[in-house]
Amino acid sequence: MHESRYYRSCAIQNSCRLFPSLMREGSYSTIRLGAYEPLKRLFGATDPAHTPLWKKICSGAISGAIGSSIATPTDLVKVRMQADVFRHPSQSPRYSSTLSAFATIVRTEGLQGLYTGVAPTVKRAAILTATQIPTYDHTKHTILNHGWLSEGVPIHVVSSMVAGFMTALTTSPVDVVKTRIMNQKKQGKEGILYRSTWHCLTRTIKSEGFFGLYKGFIPNWMRIGPHTIITFFIFEQLRKIVGMAPV
């Protein structure tokens, strides 16, 4: 009976953790995907088939940074509520719900507490978007230009698979730093273990070696890979439905 209540409680808590993930993804990804092409045009990109890679990378970095800076509070709540999964069963979760998390953080850490880890979060988003969307865009048009595949689902899947691997490769170190900073205990309003992004990065390399930054690479790739494929597949289909040209 006790175990039944425990697992039912875990199921409720896990469903509560889904909401901040949806909030974060809904705001962050909408902004970064929506802003990419307008930014590309600001850089003077007029021919999608022959746009220089550097214009795509700059557009991706800026759109990712903008989206992430706006969505940081939802990302913080998501990370902390997901981290509660690893707490000992005898310890109660830090937050009972998404709204409770926002309220508790503001009450105990101030409004600026919602932006804990904003620096590594924005850097991570800039790196991710500067890798993910431009890799997809450039891979797709390289394949099209060589005539290896035509516009359609196969080229969307192939291009997004390449983009997913490259994204996992470039973002894993930043994910490690961001998660450690967001999850560290605080004394007042200051972190106990890490003072800044750079301090966390250098301390991790010093104590765990360079590959310490790639802890969790495989699960990260297994998450980002399918996520990238689904994102671009749906994105391309939605563009087709509303009459927009493919990426």
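A short note on the overall build of the chain
No. 1: The secondary structure content of the chain amounts to seven helices and two strands.
No. 2: The buried share among the 247 residues of the chain stands at 43%.
No. 3: Pairs at least 24 residues apart make up 72% of the contacts formed inside the chain by residues separated by at least 6 positions.

Re the nonpolar core
No. 1: Counting ten residues, the largest nonpolar core consists of Leu 76, Val 77, Val 79, Met 81, Tyr 95, Ala 101, Phe 102, Ile 105, Leu 114 and Met 182.
No. 2: Counting residues per element, this core draws most heavily on helix 2 (residues 53–83), which supplies four residues.
No. 3: Listed in part, the eight residues of the second largest apolar core include Tyr 36, Ile 133, Tyr 136 and Ala 163.

Some points on the side chain of Ser 21
No. 1: Take Ser 21: it is sitting in helix 1 (residues 2–42).
No. 2: Side-chain polar atoms of Ser 21 contact the side chain of Gln 82, separated by 3.4 Å.
No. 3: For Ser 21, the contacting residues outside a window of four places in its chain are Lys 78 and Gln 82.

Focus on the packing of helix 5 (residues 153–183) against helix 6 (residues 197–208)
No. 1: The N-to-C vectors of helix 5 and helix 6 enclose an angle of 110°; their axes lie 10 Å apart at closest approach. Classed by the angle they form, the pair helix 5 and helix 6 counts as roughly perpendicular. As for the relative orientation of helix 5 and helix 6, their crossing is right-handed in sense. Contacts between helix 5 and helix 6 pair Val 177, Arg 180 and Ile 181 from the former with Thr 197, Cys 200, Leu 201, Thr 204 and Glu 208 from the latter.
No. 2: Of the residues that constitute the contact of helix 5 with helix 6, the class distribution is four nonpolar, two polar and two charged.

Structural notes on the confidence of the model for the chain
No. 1: For the chain, per-residue confidence averages 88 on the pLDDT scale, and 89% of positions sit at 70 or higher.
No. 2: Every residue in residues 1–12 scores below 50 in pLDDT, and together they form one contact with partners more than four places removed in sequence or on other chains.

As for the packing of aromatic side chains
No. 1: Summed over all chains, the structure comprises seven aromatic pairs.
No. 2: Both rings, one in Phe 210 and one in Phe 211, keep their centres 5.5 Å apart while their planes meet at 80°; by these two values the pair is edge-to-face.
No. 3: Residue classification places Phe 210 among the partly exposed residues on the basis of a relative accessible area of 49%.
No. 4: Residue class for Phe 211 comes out exposed when judged on its relative accessible area of 67%.
No. 5: Within the aromatic cluster, the residues linked to one another by ring pairs are Phe 165, Phe 210, Phe 211, Tyr 214, Phe 217 and Trp 221.

Considerations on the pattern of salt bridges
Side-chain pairs of opposite charge can arise where the charged atoms are in close proximity.
No. 1: Tallying each qualifying case throughout the model produces 13 salt bridges.
No. 2: Among the ionic pairs, Lys 178 bridges to Asp 75, the shortest N-O distance being 3.3 Å. In this pair, Lys 178 is assigned in helix 5 and Asp 75 in helix 2, connecting sequence segments 103 residues apart. Take Lys 178 and Asp 75: they sit in the same class, and that class is buried.
No. 3: Between Arg 80 and Glu 109 there is a salt bridge, and its shortest N-O distance comes to 2.8 Å. With Arg 80 in helix 2 and Glu 109 in helix 3 (residues 98–109), this residue pair connects regions lying 29 residues apart in the sequence.
No. 4: The buried category is assigned to Glu 109, whose relative accessible area is 11%.
No. 5: Among the ionic contacts, a cluster of salt bridges with common partners joins Arg 24, Glu 25, Asp 75, Lys 78 and Lys 178.

Here we look at the environment of Val 247
No. 1: Inspection of the secondary structure assignment puts Val 247 in the segment after helix 7 (217–241).
No. 2: The spacing of Val 247 and Ala 49 is 198 residues in sequence and 9.6 Å in space, taken between C-alpha atoms.
No. 3: Apart from residues lying up to four places away in sequence, Val 247 is in contact with Glu 37, Tyr 136, Asp 137, Lys 140, His 141, Phe 235, Glu 236 and Arg 239.

A look at the side chain of Thr 51
No. 1: Following the sequence through the fold, Thr 51 ends up in the loop between helix 1 and helix 2.
No. 2: We classify Thr 51 as buried; its relative accessible area is 5%.

A short note on the environment of Lys 215
No. 1: Residue position: Lys 215 is located in the loop between helix 6 and helix 7.
No. 2: Measuring from C-alpha to C-alpha, the distance between Lys 215 and Pro 173 comes to 8.1 Å, with 42 residues separating the pair along the chain.
No. 3: Setting aside chain neighbours within four positions, we find Lys 215 in contact with Val 176, Arg 180 and Glu 208.
No. 4: In this structure the side chain of Lys 215 is engaged in a polar contact, spanning 2.9 Å, whose partner is the side chain of Glu 208.

Cut-offs used in this document
- Residues numbered from 1 in each chain as written.
- Predicted model: local features only at pLDDT ≥ 70, side-chain atom pairs only at ≥ 80, totals over all residues.
- Heavy atoms only, no water.
- Helix = DSSP H or I, 4+ residues; strand = E, 2+ residues; numbered from the N terminus.
- Buried < 20%, exposed > 50% of the residue type's maximum accessible area, 1.4 Å probe, protein only.
- Contact = heavy atoms within 4.5 Å.
- Core = buried A, V, L, I, M, F, W, Y, C linked by side-chain atoms within 4.5 Å.
- Polar contact = N/O pair within 3.5 Å; in protein donor to acceptor, adjacent residues only side chain to side chain.
- Axes fitted to C-alpha atoms, helices over the stretch in contact; angles between N-to-C directions.
- Parallel < 35°, antiparallel > 145°, perpendicular 65-115°, else oblique.
- Left-handed = near helix turned anticlockwise from the far one by under 90°.
- Nonpolar A, V, L, I, M, F, W, Y, C, P; charged D, E, K, R; others polar.
- pLDDT = per-residue confidence, 0-100.
- Phe/Tyr/Trp six-rings, centres within 6.5 Å; stacked < 30°, edge-to-face > 60°.
- Salt bridge = Lys/Arg side-chain N within 4 Å of Asp/Glu carboxyl O.

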